[in-house]
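# Understanding the architecture of this molecule
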Amino acid sequence: MKELRMESAGNTGRGSTPDLGVQIGPLVLRNPVMTASGTFGYAREFENLVDLAQLGAIIVKGISLHPKPGNPPPRIVETACGMLNAIGLENVGVDRFISGKMPYLYKLSSPVVVNILGDSVEEYSEIARRLDRVEGVAALEVNISCPNVKKGGVAFGTVPEMAARVTEAVRGGSRLPLIVKLSPNVTDIVLMARAVADAGADAVSLINTLIGMAIDPISRSPRLANVIGGLSGPAIKPVALRMVWQVAQAISLPVIGIGGITTANDALEFLLAGASAVQVGTANFYDPSAAGNIVQGITAYLQEQGEDRLVDIVGTLQTGID
Ligand SMILES: Cc1cc2nc3c(=O)[nH]c(=O)nc-3n(C[C@H](O)[C@H](O)[C@H](O)COP(=O)(O)O)c2cc1C
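What this report covers is the structure whose coordinates are included nearby.

Cut-off values and rules
Residues numbered from 1 in each chain as written. Predicted model: local features only at pLDDT ≥ 70, side-chain atom pairs only at ≥ 80, totals over all residues. Heavy atoms only, no water. Helix = DSSP H or I, 4+ residues; strand = E, 2+ residues; numbered from the N terminus. Rg over C-alpha atoms; globule rule 2.2 N^0.38 Å. Buried < 20%, exposed > 50% of the residue type's maximum accessible area, 1.4 Å probe, protein only. Contact = heavy atoms within 4.5 Å. Areas by Shrake-Rupley, 256 points an atom, 1.4 Å probe, with all protein chains shown as cover. Lys, Arg positive; Asp, Glu negative; His and termini not counted. Charge placed at Lys NZ, Arg CZ, Asp CG, Glu CD. Near = heavy atom within 4 Å. Polar contact = N/O pair within 3.5 Å; in protein donor to acceptor, adjacent residues only side chain to side chain. Nonpolar A, V, L, I, M, F, W, Y, C, P; charged D, E, K, R; others polar. Pairing = 2+ DSSP bridges. Axes fitted to C-alpha atoms, helices over the stretch in contact; angles between N-to-C directions. Parallel < 35°, antiparallel > 145°, perpendicular 65-115°, else oblique. Left-handed = near helix turned anticlockwise from the far one by under 90°.

### A few points about the overall build of the protein chain
Secondary structure assignment for the protein chain yields 8 helices and 18 strands. Its C-alpha radius of gyration of 19 Å places the protein chain within 12% of the 20 Å reference for a compact globule of 322 residues. With the C-alpha coordinates of the protein chain rotated into their principal frame, the extents come out at 60 × 50 × 50 Å. Within the protein chain, buried positions represent 53% of all 322 residues. Sequence separation of 24 or more characterises 71% of the internal contacts of the protein chain that already satisfy a separation of 6 or more. When the accessible surface of the protein chain is split by element, carbon and sulfur atoms take 52% of a total near 14,100 Å². Distance between charge centres in the protein chain, computed from 26 positive and 30 negative side chains, equals 5 Å.

Next comes the structure, spelled out in structure tokens:
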């Protein structure tokens, strides 16, 4: 697809400003572009760099029941077309998040989605319960890519029954809109999506990072202290797009596309493949204005295409196959 020319947006003479509004289950967004968890801190870090009100929603760094120190450095490595991270889910824990971060987040005009993680099913439901009545939390995004300590370190997100149990537990502890974030490190992504859809999710988001590694041949040692880490950025976009397309066809819940989205054209590919919304992750590290630019680029595309509403283009990919 040809890169959009922003300057042509106002010159087409076609249509007025298109409606970018989308609905993710019970969550209503003014536009479909969110910042991905772990790549936008707790939003305050970006307040002097970007207009936070431009964002469809802000998804904050993953929160656990107790504070996590994360992994030792080095824990970020640049790779061709992406990055590897082994942050180890460092965060302040749910209580300090509520007392220290929510008062600021509450004042923002963009909805705030809280990404949560646990070492056990019980931890997930307890975090959800504590966040349930906190003003300013618009939705929960459940990260099921964490190892299940009790089951010997298998990620919840790789076993459909475990993913369903986590979803049910969070659903039971919260009235908030529930997005379950899927891991790509599985054989059949559709199986995982169906499992969490049947267990009570309002939406699914995908993908989280792909497991990778990098080696320094001189020192003959891994570049990450943790040896392996999560690969993100443009390198993973084709995998993410394929998975979003497969899942959007298989389940009736809204799908949120994530993975290597850097430009409006990237976001549009996901929307055409069936995503109702998108998240921007790694791009925030080198261009904090990426998400805002994507909102403007989508607007320009809809105007050029003579479309009045974003929702009308979702899932309109023409594959030519049945
Ligand atoms: C440094 C870093 C930290 C991340 N932390 C989280 C996290 O706490 N919870 C989560 O669900 N995903 C986390 N992710 C995954 C991203 O939200 C996103 O799913 C992934 O990076 C793919 O999108 P991208 O290619 O646009 O970065 C993290 C990613 C990066 C690069």
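Still more ground to cover, so stick around.
### Considering the site of the ligand
Among the 25 residues in the neighbourhood of the ligand, the closest are listed as Ser37, Lys181, Gly233, Gly260 and Thr282. In this structure, Ser37 approaches the ligand through a main-chain N or O atom, which is 2.7 Å from an oxygen atom. Here an oxygen atom of the ligand sits 3.1 Å away from a polar atom, N or O, in the main chain of Ile207. The fraction of the free accessible surface of the ligand (610 Å²) that becomes covered by protein chains is 97%. For the shell around the ligand, a count of residues per class yields 8 nonpolar, 15 polar and 2 charged.

### Section: the sheet that holds strand S7 (residues 112–116)
By definition, the strands of a sheet pair up through backbone hydrogen bonds, in either a parallel or an antiparallel sense. Sheet architecture is closed into a barrel: 8 strands sit in the order S3-S4-S7-S8-S11-S12-S17-S18, paired in parallel fashion. Averaged over all adjacent pairs, the angle separating strand axes in this sheet is 25 degrees, with direction ignored. Relative to strand S18 (residues 277–280), strand S17 (residues 255–258) is paired through 3 bridges, and the arrangement is parallel. Bridged to Ile258 within S18 is Gln279. Of the strands in this sheet, S7, strand S8 (137–143) and strand S11 (178–181) touch helix H3 (residues 160–173), which is tilted by about 155 degrees from S11. Against the sheet, helix H8 (residues 290–305) engages strand S3 (33–35) and S18, with an angle of about 175 degrees to S3.

### Overview of the packing of helix H2 (residues 121–131) against H3
Packing of H2 against H3 leaves a shortest axis separation of 8 Å and a crossing angle of 30 degrees. If you check the angle between H2 and H3, you find them roughly parallel. Read as a crossing pair, H2 and H3 show a hand that is right-handed. Within the contact between the two elements, H2 uses Val121, Tyr124, Ser125, Ala128 and Arg129 and H3 uses Met162, Arg165, Val166, Ala169, Val170 and Gly173.

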